[in-house]
Every structure is written in structure tokens, then in C-alpha cells.
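Results of the structural survey
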Amino acid sequence: MTEPIWIEADRALAIHEQLLVEHGGGEGVRDNSLLQSALGRPLNHISYANSDIIELAAKYTAGIVKNHPFVDGNKRTGFVLGVLFLELNGYRFTASEEAAAQAILELAAGALDENGFCEFLRANATRRK
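Within each chain, residues carry numbers counting from 1 in the order of the written sequence. Owing to the predicted nature of the model, reporting of local features is limited to residues with pLDDT of at least 70; listing and counting of side-chain atom pairs is limited to 80 or more, with chain, interface and lining totals taken over all residues. Side-chain measures here rest on the full set of heavy atoms in the structure, leaving out hydrogens and waters.

Looking at the overall build of the chain
Numbering goes from the N terminus for both helices and strands, where a helix is a DSSP run of H or I of at least four residues and a strand is a run of E of at least two. Scanning the chain for helices and strands turns up six helices and two strands. When the elements of the chain are put in sequence order from the N terminus, they spell out α-α-α-α-β-α-α-β. In terms of overall dimensions, the chain is globule-like: its C-alpha atoms have a radius of gyration of 14 Å, near the 14 Å expected for 129 residues. When the backbone C-alpha atoms are referred to their principal axes, the chain occupies close to 40 × 30 × 25 Å. Partly exposed describes any residue whose relative accessible area lies between the buried limit of under 20% and the exposed limit of over 50%, with all areas from a 1.4 Å probe on protein chains only and scaled to the type maximum. For the chain, with 129 residues in total, the buried portion stands at 42%. Put simply, the radius of gyration uses C-alpha atoms, and a globule should come to 2.2 Å times the residue count raised to 0.38.

Right, dumping it as C-alpha cells:
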């Protein structure tokens, strides 16, 4: 696999801020080290495992959703970062808004683990031609 296009912290913060403008919520980073940890999970994982883009996208999403680094908007931001990573790296996300919302809510509640979320992404992402 070629080197993926990664999501840097400044881009993640800009996306988070834009989501708050559009949808409301409390501003700010609750814990910067948790944000750095979440954003570093995919990079760390690819160093030690044979991963594909979809698995790395799931790690971005789960990292933000589970680490809860922001005061508010963690589920929204985690979802958008995961889909952005897919799209930056040649995939199109195809799930309906309802299915995506349900998967994120289940991931946040622990009803769907990271592997299950990865399978959700795998079933709802197609490689662009």
C-alpha cells in the first residue's frame, strides 16, 4: 500500500470547529493528549500491522469517539474524520445518513466494537475508479 494521506491535528480541529458552527455544541478541546492519541492510532497501527485504508478510517473514527477529546461533538467529528480519510485515500462512502448515525451511536454506546464499525465501513465504502 502506498503511504496514505493522513489527517493532521490542525485539520481535525478546523473540522471540529466547523461542525460546531453548523450543528451547535460546547466549544473546545477537553484533553489535547487524548486528541493526539486518537489521531496517532492509525499511524501507529500501520507501523505494526498490515492494514488497509478502511481499517485505518475505523481507527480514526473510533479513536475520537472513544477518547472523547472534545468538550462536545466527538461522535460527529469522529465520523467526519473517518469518512474524510476514506475519501482522501480514494474511497467513496455510500451509507445512508440514518445507517451512519446508527453505527456511530452504537460505536459510542459500546454496542458495536471497533471491528464491527470497520465491517460497517467495509460494507459502505467503494474504491473510486
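Once the structure has been displayed, the description carries forward.
A short note on the pattern of salt bridges
Salt bridges are identified by distance alone: a Lys or Arg side-chain nitrogen within 4 Å of an Asp or Glu carboxyl oxygen. Scanning the model with the defined rule gives four salt bridges in all. Taking the shortest distance from any N to any O, the salt bridge between Arg41 and Glu114 comes out at 2.9 Å. With Arg41 in helix α2 (residues 32–48) and Glu114 in helix α6 (residues 114–123), the pair connects residues that are 73 residues apart, well separated along the chain. Given a relative accessible area of 27%, Arg41 falls into the partly exposed group. Salt-bridge contacts for Glu119 lead to Arg122; the nearest nitrogen and oxygen are separated by 3.7 Å. With Glu119 and Arg122 both in helix α6 and three residues apart, the pair spans about one turn of that helix. The exposure class of Arg122 is partly exposed, given its relative accessible area of 33%. Here the salt bridges do not stand alone but share partners, grouping Arg41, Lys59 and Glu114 into one network.

Quick look at the layout of surface pockets
Approximately 210 Å³ is the volume attributed to the largest pocket. Only protein atoms enter the 1 Å grid used here, on which a cavity is any set of points holding a 1.4 Å probe that cannot leave and a pocket is any open set flanked by protein within 12 Å on both sides along at least five of seven lines; residues with an atom within 4 Å of a point are listed as lining. Together, 14 residues line the largest pocket, and Arg76, Phe79, Glu97, Ala100 and Ala101 are the ones closest to its centre. Taken together, the elements giving at least two residues each to the lining of the largest pocket come down to α1 (9–23), α4 (74–88) and α5 (97–109). Element by element, the count of residues in the lining of the largest pocket is highest for α5, at five residues. Grid points are joined across faces, edges and corners, and a volume is the space filled by probe spheres set on the points.

With respect to the side chain of Lys59
Checked against the element boundaries, Lys59 lands in helix α3 (residues 53–67). Should any heavy atoms of two residues lie within 4.5 Å, those residues are considered in contact. With near-sequence residues (within four places) excluded, Lys59 lies in contact with Ala38, Arg41, Pro42, His45 and Glu114.

A word on unusual backbone geometry
Despite not being glycine, His68 shows a phi value in the positive range, around 55 degrees. Along the chain, His68 falls in the loop between α3 and α4. Its relative accessible area of 36% is what places His68 among the partly exposed residues.

What about the packing of α3 against α4?
The geometry of α3 relative to α4 is characterised by a closest axis approach of 8 Å and an angle of 165 degrees between their N-to-C directions. Classed by the angle they form, the pair α3 and α4 counts as roughly antiparallel. In the crossing of α3 with α4, the sense of the turn from one axis to the other is right-handed. Contacts from Ile53, Ile54, Leu56, Ala57, Tyr60, Thr61, Ile64 and Val65 in α3 reach Asn74, Lys75, Thr77, Gly78, Phe79, Leu81, Gly82, Phe85 and Leu86 in α4. Geometry is summarised by axes, namely lines fitted to C-alpha atoms with helices restricted to the contacting stretch, and by angles between N-to-C directions that run from 0 to 180 degrees. Should an angle lie under 35 degrees it is considered roughly parallel, over 145 roughly antiparallel, and from 65 to 115 roughly perpendicular; all remaining angles are considered oblique. Helix crossings fall into two classes, left-handed where the near helix is turned counterclockwise from the far one by less than a right angle and right-handed where it is turned clockwise.

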